[in-house]
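# Secondary and tertiary structure notes
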Amino acid sequence: MKFSYLQIPGFSKRPLVPVSFRFGSHFLSQPVLCLVDSGADLTYLDMGVGEELGINFAKIKPLTSFGINGEGFTGYPAKIAAEIGGWEFSLEAVFSRSVRRTFCVLGQEGLFDMAKISFARFNWEVELDPRKEIN
């Protein structure tokens, strides 16, 4: 499945894809645009996304992650389902108040293990080619 890079205010075009998230029987009402980021180890989502999914963060041990600037931030890991272009992926996501909903990140763990990701910036496209046995 191919996605065109999208322009968001204040940034150049980015490989952003619409993602629907599920945790158990809870779904988000709207997909979230997420940056496909080969430089990120994990998937990082806004804490509000997790709250909408009904995740009880009081029962999760927090962890510290580090941004590109080297500064640490607190997050709460949880296994969730992500649907991208009709394919469902199981991801370990880290939810944090340091992440803005308008700039969530899909990292390597999970997604890059289950799909070939091809960036074609010269024509502003990103392609996700899921392994057939995951769906």
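These figures come from a predicted structure and were not determined experimentally.

This brings us to the nonpolar core. Residues Phe21, Leu45, Ile84, Phe95 and Leu106 are the most contacted members of the largest nonpolar core, which totals 38 residues. With residues up to four places along the chain from it excluded, the contact list for Phe95 reads Leu45, Asp46, Met47, Val49, Gly50, Ile55, Phe57, Thr74, Gly75, Tyr76, Ala78 and Ile80.

A few words now on the sheet that holds strand E11 (residues 125–130). Strand order across the open sheet formed by 3 strands is E1-E11-E10, with antiparallel pairing between neighbours. The sheet is open, and its two borders are formed by strand E1 (2–4) and strand E10 (115–120), each paired with just one other strand. Strand-to-strand twist in this sheet, taken as the mean axis angle between neighbours without regard to direction, amounts to 15°. Both E1 and E11 contribute to a ladder of 3 bridges, which runs antiparallel. Following the sheet pairing, Phe3 is matched in E11 by Val126.

Where burial is concerned, most of strand E8 (residues 87–96) is hidden: 7 out of the 10 residues are buried. Relative to E8, strand E5 (residues 43–46) is paired through 4 bridges, and the arrangement is parallel. By the bridge assignment, Tyr44 is partnered in E8 with Val94. Bridge analysis of strand E7 (residues 72–84) against E8 gives 9 bridges, and the strand direction is antiparallel. Bridge pairing in E8 links Tyr76 to Phe95. Between E7 and E8, which follow one another and run antiparallel, lie 2 residues, and Gly85 among them has a positive phi close to 55°.

Not every positive phi belongs to a glycine, and Trp124 is a case in point at roughly 55°. Considering the arrangement of structural elements, one finds Trp124 in the loop between E10 and E11.

Time to look at the environment of Leu91. Within the fold, Leu91 resides in strand E8. Put simply, Leu91 and Leu111 are 20 residues apart on the chain and 6.9 Å apart in space, counted from C-alpha to C-alpha. Those residues in contact with Leu91 that lie beyond four places of it in its chain are Thr43, Ala78, Lys79, Ile80, Ala82, Leu106, Glu109, Gly110, Leu111 and Met114.

About the cut-offs
Position labels on residues start from 1 in each chain and follow its written sequence. Note on the predicted model: pLDDT of at least 70 is required for a residue's local features to be given, and 80 or more for side-chain atom pairs to be given and counted; whole-chain, interface and lining totals, by contrast, use all residues. The side-chain numbers reported here are obtained from all heavy atoms of the structure, hydrogens and water having been left aside. For our purposes a nonpolar core is just a set of buried Ala, Val, Leu, Ile, Met, Phe, Trp, Tyr and Cys residues, chained together by side-chain atoms within 4.5 Å. Exposure categories follow from relative accessible area, calculated using a 1.4 Å probe and restricted to protein chains: below 20% of the type maximum is buried, above 50% is exposed, and the middle band is partly exposed. Any pair of residues with heavy atoms lying within 4.5 Å of one another is described as a contacting pair. A strand pair is defined by DSSP finding two or more bridges across the two strands. For the purposes of this entry, the term helix denotes a DSSP run of H or I that reaches at least four residues, the term strand denotes a run of E that reaches at least two, and both are numbered from the N terminus. In this analysis an axis means a line fitted to C-alpha atoms, helices contributing only their contacting stretch, and an angle means the value between N-to-C directions, from 0 to 180 degrees.

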